Amino acid sequence: MKKFISLLSFEMNRFLKFLVPTLLVTAVVQIFVTIFSSLKYNNELEKIIAQGEQLETIPNFSLQDITGNGIYQLSIMLIVLVFVFYSFFIWYREWLGKNTFIYRLLMLPTNRTYLLLTKSLVFLIGGLLAFSFQFGLYFIELKIAEWLVMDGHYTLLNIHNVQPLYDLVQSLLFPTTLFQFISRYSFAFAALMSLFVGIIIERSFGLKGLIIGASYFIGFFVLYALLDSLLYSASFILRPSQEAIIMMVYQFLVIGISTFISHLLLKNKIKI
Amino acid sequence: MHKKKLLISSLIAVFGIIIYFVSIPTINEEDLVKLTVEAGDEKLLDDVYFNGYLYDYSLFHWDSYEGVTANETLPYLEGLDAAEDQSLRILQKDYPDFINPLLYDTNINLYYVLNSGNRLLSGYFENYEDNYYVDASTVHLNILNKETNEEISEKVERENYPEGDQVDIVGLYEEYPVVKILYTTTSWNSEYSVEKSNLSVGEYNLETKNYKETSLLNDNGNFYDYSSNFYKAKNNKIQIINYYPYNVYDEPEETNGSNGPTSYLYHFVEDTFIPLKDSMAKYFIGNDNQVFSLTNEGEELILRQYNQTGEKVEQETVLDNEFPISLYEEDQYPIVEVINDRLFIAQSATDEISDQKILPTDLQVFDLHSGESLLTGKIDYDTASEVNALEGYIDSIGKMSDF
């Protein structure tokens, strides 16, 4: 266990070197957009006052006016992109880096499966860290906007309603029920584990492995879509809740199967 | 010490998630929809329910027994299964085996439910197996005897049915062993908006298995059930069909024939189809097959009762309304329902000017014969800003004991 924690800590330190700067950039961008949008709204109000028009015709300002901003949304996408990039980088750096670090990792006097588990756990902790960080940012942004916008023209939203209506990216990332949270993030984790298997297959079997690995990774999404479509159009009747549970079971099955395959390959087949 | 970063990251992650879920507000349903009686006898609302939508949060249901219930406040999985229409929700509680296939079978296109005394009927079409287009050649009828729980399912092959892109049932009537079905078949143009519609009536005999279908009207535009409620229809001998001579997304100026009738009356027993003359009137059916209309004339709101063909006015009453009811304003949506010889009007509205306030729904109840005001009240929405709703409206009124 001690070795596992040490390895996890080692991986976490490496990941934080990417994640912390990304989160800081995100914070700077979002706070800039918050201040800029709030002041811009104030300027518009002042112009309208100067023109002698009725202020009642101007909708109140709220955080949804900020979170719907394109730059703001890009800053959230940046975090997602760093996670996507790092999911490849976390493995290939070990082989393609200066010192072929994988040799040392695989020779460690510990279970090789720890490698897979620590690398995947790092994403889980990192993902929740990014989630919490963004949630904290919402709180700060709500306060900044409330402080900056002219009195009487600011609608204070509940922190769980700060996303614009029907905004897909944010409503996907910030579900408001535990089931949705587990369902969405287990989908992402299952995709990550499929990718890890794909990479380990490629590292085990070379070019042939690349094709099999890529097929495994793509297969996760194809099967998901097929299963979803099958459940929707099946001749038997399923309730939407039953469909949702089956889809979640599929995701957990993929996580389990992927972990098992990776364990076997790391133990018996991986090439240095 | 070298594990400090891992420890801090893990703590932030865990506490962040805990705070996130703990901070999700517990919605107080009584703050979402609040009905206040300002004058009159509150007992008039006993056994009455209101269904509506709190935009963009949830559908809701209010009745004097349970108060407010909203789909979104249900546990997540329960909410996924909940019927979108609250009338269906009530039926689902009592007749799950009959209603569940309608709700959950994705192969079923739009369905129509008739709540007729001791029988419950549903009529629907299915989609083709290889695409999502509706198979108009077969209408499915299910009939449940509420007392014996016996269910009959019939697949009725339609011969010489009108061709179109979509077919909907807009009326059902049963007088055992005959079931009559009103269909509207619409054809779309290249931009998938409605171009032409056909209104037809089918008659099926459950004993002889004979079916015949007659076309009533072909025209440019759309035909709709006057109440737009497909899930709580009563076994009325008459049905009012509203006609919109243009696509609802087009500007009225672009239309043709807009001076024609906007409502028709179909009599299931007499088999008569009559245009209703007053194109400005809002026609509706009473609780005993009466034909009524409401019209704004100057400052007054006139209630007229017609004979069974809708051609002759039998009674005319000026309603003693406490606040203005506007039938023609675009930002006001009055709905009417007759329950126990009382006229219920719920008028919802949107704040078109500032788009900031959630306006309440005004509620008035009148005596159907004298026009006397019996109750005034209002329904306020999201009064504690719990869900930051933008709009609230009532889309149907009904009687609990009907179910």
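Residues numbered from 1 in each chain as written. Chains lettered and ligands numbered in written order. Predicted model: local features only at pLDDT ≥ 70, side-chain atom pairs only at ≥ 80, totals over all residues. Heavy atoms only, no water.

- The name an unreviewed UniProt entry assigns to chain A is ABC-2 family transporter protein, from the organism Atopostipes suicloacalis DSM 15692.

1. Quick look at the overall build of chain A
Consideration 1: On a plain count of helices and strands, chain A comes out with 8 helices and 0 strands.
Consideration 2: Listing every helix and strand of chain A by position from the N terminus yields α-α-α-α-α-α-α-α.
Consideration 3: A globule of 272 residues ought to have a C-alpha radius of gyration of about 19 Å, yet chain A, at 23 Å, is considerably larger.
Consideration 4: Structurally, chain A occupies a C-alpha span of about 80 × 55 × 35 Å along its principal axes.
Consideration 5: Classification of the 272 residues of chain A by burial places 44% in the buried group.
Consideration 6: Within chain A, counting contacts between residues at least 6 apart in sequence, those at least 24 apart form 81% of the total.
Consideration 7: Accessible area of chain A: about 13900 Å², with a carbon and sulfur share of 70%. (Helix = DSSP H or I, 4+ residues; strand = E, 2+ residues; numbered from the N terminus. Rg over C-alpha atoms; globule rule 2.2 N^0.38 Å. Buried < 20%, exposed > 50% of the residue type's maximum accessible area, 1.4 Å probe, protein only. Contact = heavy atoms within 4.5 Å. Areas by Shrake-Rupley, 256 points an atom, 1.4 Å probe, with all protein chains shown as cover.)

2. With respect to the overall build of chain B
Consideration 1: Summing up its helical and strand segments, chain B has 5 helices and 26 strands in all.
Consideration 2: Taking 403 residues into account, the globule formula puts the C-alpha radius of gyration at 22 Å, and chain B, at 24 Å, falls close to it.
Consideration 3: In terms of overall dimensions, chain B has C-alpha extents of about 90 × 55 × 50 Å along its principal axes.
Consideration 4: For chain B, the residues scored as buried account for 52% of the 403 residues in total.
Consideration 5: In chain B, the proportion of contacts linking residues at least 24 apart, taken out of those at least 6 apart, comes to 50%.
Consideration 6: Computed over 26 positive and 74 negative side-chain charges, the inter-centroid distance for chain B is 5 Å. (Lys, Arg positive; Asp, Glu negative; His and termini not counted. Charge placed at Lys NZ, Arg CZ, Asp CG, Glu CD.)

3. Things to note about the interface of chain B and chain A
Consideration 1: The partner chain A presents 43 residues to the 35 residues of chain B that form the contact.
Consideration 2: Broken down residue by residue, the surface that chain B buries against chain A is led by L6(B), Y20(B) and Y76(B), which jointly contribute 18%.
Consideration 3: The residue D81(B) makes a salt bridge to R239(A) at a minimum N-O spacing of 4.0 Å.
Consideration 4: Remark: the boundary between chain B and chain A carries 9 residue pairs in polar contact (both at pLDDT 80 or more).
Consideration 5: Elements supplying a minimum of two residues to the side of chain B that touches chain A: helix 1 (4-22), helix 3 (76-81) and helix 5 (96-104) of chain B.
Consideration 6: No other element matches the 11 residues that helix 1 of chain B contributes to the side of chain B that touches chain A. (Buried area = accessible area lost by both parts, 1.4 Å probe. Salt bridge = Lys/Arg side-chain N within 4 Å of Asp/Glu carboxyl O. Polar contact = N/O pair within 3.5 Å; in protein donor to acceptor, adjacent residues only side chain to side chain.)

4. Here we look at the side chain of N289(B)
Consideration 1: Assignment of secondary structure puts N289(B) in the loop between strand 18 (282-285) and strand 19 (291-297).
Consideration 2: Not counting residues within four places of it along the chain, the set of residues in contact with N289(B) comprises N236(B), K237(B), I238(B) and Q308(B).

5. Brief notes about the nonpolar core
Among soluble globular proteins, nonpolar side chains are generally buried collectively.
Consideration 1: One finds W91(A) and F196(A) to be the most contacted residues of the largest nonpolar core, which totals 43 residues.
Consideration 2: For this core, the secondary structure elements donating two or more residues are helix 1 (2-50), helix 3 (70-96), helix 4 (101-106), helix 5 (113-148), helix 7 (178-233) and helix 8 (240-268) of chain A.
Consideration 3: The element that contributes the greatest number of residues to this core is helix 7 of chain A, accounting for 12 residues.
Consideration 4: There are two domains that each give this core at least three residues, and those are domain 1 (1-167) and domain 2 (175-272) of chain A.
Consideration 5: The contacts of W91(A), once residues within four sequence positions are left out, are L115(A), L116(A), K119(A), F196(A), I199(A) and I200(A).
Consideration 6: In terms of nonpolar packing, the next biggest core, distinct from the first, is built from 39 residues, L91(B), Y112(B), Y124(B) and F125(B) among them. (Core = buried A, V, L, I, M, F, W, Y, C linked by side-chain atoms within 4.5 Å. Domains from an automatic or database assignment.)

6. Things to note about the domain arrangement of chain A
All names here are of chain A.
Consideration 1: According to the domain assignment, chain A contains domain 1 (1-167) and domain 2 (175-272).
Consideration 2: A C-alpha centroid distance of 26 Å is found between domain 1 and domain 2.
Consideration 3: Facing 20 residues of domain 1, the contacting portion of domain 2 comprises 20 residues.
Consideration 4: Here domain 1 packs against domain 2, burying approximately 1900 Å² in sum over the two surfaces, 80% of which is carbon and sulfur.
Consideration 5: Run the count over domain 1 and domain 2 and you get 0 salt bridges.
Consideration 6: Linking domain 1 with domain 2 are 3 residue pairs in polar contact (both at pLDDT 80 or more), by the criterion used here.

7. Remarks on the confidence of the model for chain B
A low pLDDT score tells you not to read the predicted coordinates there in detail.
All names here are of chain B.
Consideration 1: Of all residues in chain B, 93% attain a pLDDT of 70 or more, and the chain-wide mean is 86.
Consideration 2: Between residues 252-257, whose pLDDT stays under 50, and residues either more than four places distant or in other chains, the model counts 6 contacts.
Consideration 3: For this predicted complex, the interface confidence comes out at an ipTM of 0.87, alongside a pTM of 0.82. (pLDDT = per-residue confidence, 0-100.)

8. Observations concerning unusual backbone geometry
All names here are of chain B.
Consideration 1: Along the chain, Y176 connects to P177 via a cis peptide bond; the corresponding omega equals 10°.
Consideration 2: Checked against the element boundaries, P177 lands in the loop between strand 9 (166-175) and strand 10 (178-188).
Consideration 3: The backbone phi angle of D47 is positive, close to 75°, even though this residue is not glycine.
Consideration 4: Among the structural elements, D47 can be located in the loop between strand 1 (33-40) and strand 2 (48-55).
Consideration 5: Judged by relative accessible area, D47 falls into the buried class, the value being 16%.

9. Quick notes on the sheet that holds strand 3 (residues 58-63) of chain B
Within a sheet, neighbouring strands are paired by backbone hydrogen bonds and run either parallel or antiparallel to one another.
All names here are of chain B.
Consideration 1: Within the open sheet, the 4 strands sit side by side as 4-3-2-26. Their pairing is antiparallel. Edge positions in the open sheet fall to strand 4 (67-70) and strand 26 (391-399), since each of these has one partner strand only. Each neighbouring strand pair of the sheet contributes to a mean axis angle of 20°, computed without reference to strand direction.
Consideration 2: Relative to strand 3, strand 2 runs antiparallel, the two sharing 6 bridges. Within strand 3, the residue paired with G52 across the bridge is F60.
Consideration 3: Its contacts with the sheet put helix 4 (residues 86-94) on strand 2, strand 3 and strand 4, and the angle it makes with strand 3 is roughly 65°. (Pairing = 2+ DSSP bridges. Axes fitted to C-alpha atoms, helices over the stretch in contact; angles between N-to-C directions.)

10. A closer look at the UniProt feature "transmembrane region" (unreviewed entry) in chain B
Consideration 1: UniProt marks residues 7-27 of chain B with the feature "transmembrane region" (unreviewed entry), using the numbering shown here.
Consideration 2: Secondary structure over residues 7-27 of chain B splits into 76% helix and 0% strand, and the C-alpha atoms at its two ends are 35 Å apart. (UniProt positions renumbered as here; feature names shortened; annotations may be inferred.)

11. Re helix 1 of chain B
All names here are of chain B.
Consideration 1: Between the first and last C-alpha of helix 1 there are 27 Å, a value that for 19 residues agrees with the 27 Å anticipated at 1.5 Å per step.
Consideration 2: Listed in full, the buried residues belonging to helix 1 are L6, S9, A13, G16, I17 and Y20. When helix 1 is viewed along its axis, its buried side chains cluster within an angular range of 105° and face the same direction. Turned more than 90 degrees away from the buried face of helix 1, the exposed residues are L7, I19 and V22. (Expected span 1.5 Å × (residues − 1). Arc of directions from axis to C-beta.)

12. Section: the packing of aromatic side chains
Residue and element names in this part refer to chain A.
Consideration 1: As enumerated under the stated definition, the model contains 49 aromatic pairs over all chains in all.
Consideration 2: Between the aromatic rings of F220 and F221, the centroid separation amounts to 5.0 Å while the plane-to-plane angle is 70°, which identifies the pairing as edge-to-face.
Consideration 3: The exposure class of F221 is partly exposed, given its relative accessible area of 33%.
Consideration 4: The ring of W95 is capped by R203, whose NZ or CZ atom sits 5.3 Å from the centre of that ring. (Phe/Tyr/Trp six-rings, centres within 6.5 Å; stacked < 30°, edge-to-face > 60°. Lys NZ or Arg CZ within 6 Å of the ring centre and 35° of its normal.)

13. Considering the UniProt feature "transmembrane region" (unreviewed entry) in chain A
Consideration 1: Following the UniProt record, one finds the feature "transmembrane region" (unreviewed entry) at residues 15-36, 71-92, 113-140, 182-201, 213-238 and 244-266 of chain A.
Consideration 2: Structurally, residues 113-140 of chain A comprises 100% helix and 0% strand, and the distance from its first C-alpha atom to its last is 41 Å.

14. Details of the sheet that holds strand 21 (residues 313-318) of chain B
Residue and element names in this part refer to chain B.
Consideration 1: Overall, antiparallel pairing links the 4 strands, which are arranged 18-19-20-21 in an open sheet. The outermost strands of the open sheet, each flanked by one partner alone, are strand 18 and strand 21. Pairs of neighbouring strands in the sheet enclose a mean axial angle of 25°, with direction left out of account.
Consideration 2: Note that strand 20 (residues 300-306) and strand 21 share 5 bridges and pair antiparallel. In the sheet register, Y306 faces strand 21, and the bridge partner there is V313.

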